Amino acid sequence: MSLKAKDLISAADLTKAEVDEILKESDVMLSYLTKRKSPDILKGKILATLFFEPSTRTRLSFESAMCRLGGSVIGFSGNKGTSLSKGETLKDTIKNVEKYADIIAMRNPVEGSSRLAANAAKIPVINGGDGANQHPTQALLDIFTIKQEKGLKKLNVALCGDLKYGRTVHSLIYLLSMYGMEVALVSPKSLRMPEWILEDVKGRYGTNPKMYESMQDVADWADVLYVTRIQRERFPDQNEYEKVSGSYCVDNDLLRKAKKGMIVLHPLPRVDEIDDEIDCKPCAKYFDQAFYGIAVRMALLKMLMGGKR
Ligand code: NCD
């Protein structure tokens, strides 16, 4: 099994053996990180980060990961300063960037754009989020966080919030299912997970999640409460957003009902779905989650580029 020279576009493309290997390599990278060691595994290599949509964690943690491995980074954030604003196609942009870099991490608002880029590029392409579709590296860091904090056993995981437009949950449900976890879906009716994804994970792994509308209903059941932001920017009608905005919040009241040892995860950014008063509680793992993301992205860069330890 080797991920060398492959693309990473969807969590659905990964086998369990590949995910196992990524998690194992992430463990090694985490030990470098915690010892503040920077091995020169990717010295002389260049990562291009092409971020057509806002990002804080994904872009910076990819860049940090590449620097920690001794490599360099080029790229842009927003297409205003690029030739895309003059009408250049994504395909042409990619055909040039592949001459300047050895690997691409890309985020774009259009679903399927990362697949298109991967088909055009001779170098590996990593999907850092394509519209409401997929965000596989986030799902890998989510499952790595769950492994570190709870162990990869049969856990009860509740995915909460915007399950319709949230790409992180569209990826994560594949990895949770792969590891035989029990999944519950908690969302307003209008923001339920797309039926085709539910059918796909059911067909592949037999996953058959129960649906709820309130986090209160799963508080004493969940080992992991995975909370997401309502994806305002994806709503075709802002009135529809107003109807659901502020409809759920993790607060002390909810935690009082929570199962012992439950952890709260969130891909971040949060808006109002986790109260600040939770940040100091032992269950709050969302900032650790962002830290684990560097280790996972180091592992991915190393594996896709065939770097040697
Ligand atoms: C998420 C994203 O961009 O999909 N953020 C992230 O990558 N950590 C979640 C979000 O924007 O709500």
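Residues numbered from 1 in each chain as written. Predicted model: local features only at pLDDT ≥ 70, side-chain atom pairs only at ≥ 80, totals over all residues. Heavy atoms only, no water.

Draft legend 1. Focus on the packing of helix 5 (residues 136-150) against helix 6 (residues 167-178). Following both chains from N to C, one finds helix 5 and helix 6 inclined at 50°, their axes separated by 8 Å at the closest point. It follows from the interaxial angle that helix 5 and helix 6 lie oblique. Handedness of the helix 5/helix 6 crossing: right-handed. Across from Pro 136, Gln 138, Ala 139, Leu 140, Asp 142, Ile 143 and Ile 146 in helix 5, the residues of helix 6 making contact are Thr 168, Ser 171, Leu 172, Leu 175 and Leu 176. (Axes fitted to C-alpha atoms, helices over the stretch in contact; angles between N-to-C directions. Helix = DSSP H or I, 4+ residues; strand = E, 2+ residues; numbered from the N terminus. Parallel < 35°, antiparallel > 145°, perpendicular 65-115°, else oblique. Left-handed = near helix turned anticlockwise from the far one by under 90°. Contact = heavy atoms within 4.5 Å.)

Draft legend 2. The arrangement of the state of the cysteines in detail. Throughout the structure, instances matching the rule amount to zero disulfides. As a non-bridged cysteine, Cys 160 has Cys 249 as the owner of its nearest cysteine sulfur, 12 Å distant. With relative accessibility at 1%, the residue Cys 160 sits in the buried group. The partly exposed category is assigned to Cys 249, whose relative accessible area is 29%. (Disulfide = S-S within 2.5 Å. Buried < 20%, exposed > 50% of the residue type's maximum accessible area, 1.4 Å probe, protein only.)

Draft legend 3. Region of the structure containing the site of the ligand. Around the ligand lies a shell formed by Thr 58, Arg 107, His 135, Gln 138, Arg 167, Thr 168, Arg 229, Gln 231, Pro 267, Leu 268 and Pro 269. Residue Arg 107 places a side-chain N or O atom 3.0 Å away from an oxygen atom belonging to the ligand. Side-chain polar atom of Arg 167 to an oxygen atom of the ligand: 2.7 Å apart, as the coordinates give it. In the complex, the protein chains occlude 94% of the 320 Å² of accessible area that the ligand would expose alone. If you map the ligand onto the pockets, it falls in the largest pocket. In terms of residue class, the shell around the ligand is made up of three nonpolar, five polar and three charged. (Near = heavy atom within 4 Å. Polar contact = N/O pair within 3.5 Å; in protein donor to acceptor, adjacent residues only side chain to side chain. Areas by Shrake-Rupley, 256 points an atom, 1.4 Å probe, with all protein chains shown as cover. 1 Å grid on protein atoms, 1.4 Å probe; cavity = no way out; pocket = protein on both sides within 12 Å on 5 of 7 lines; lining within 4 Å. Sits in = over half its atoms within 2 Å of the grid points. Nonpolar A, V, L, I, M, F, W, Y, C, P; charged D, E, K, R; others polar.)

By themselves, these figures tell us nothing about what the structure is for.
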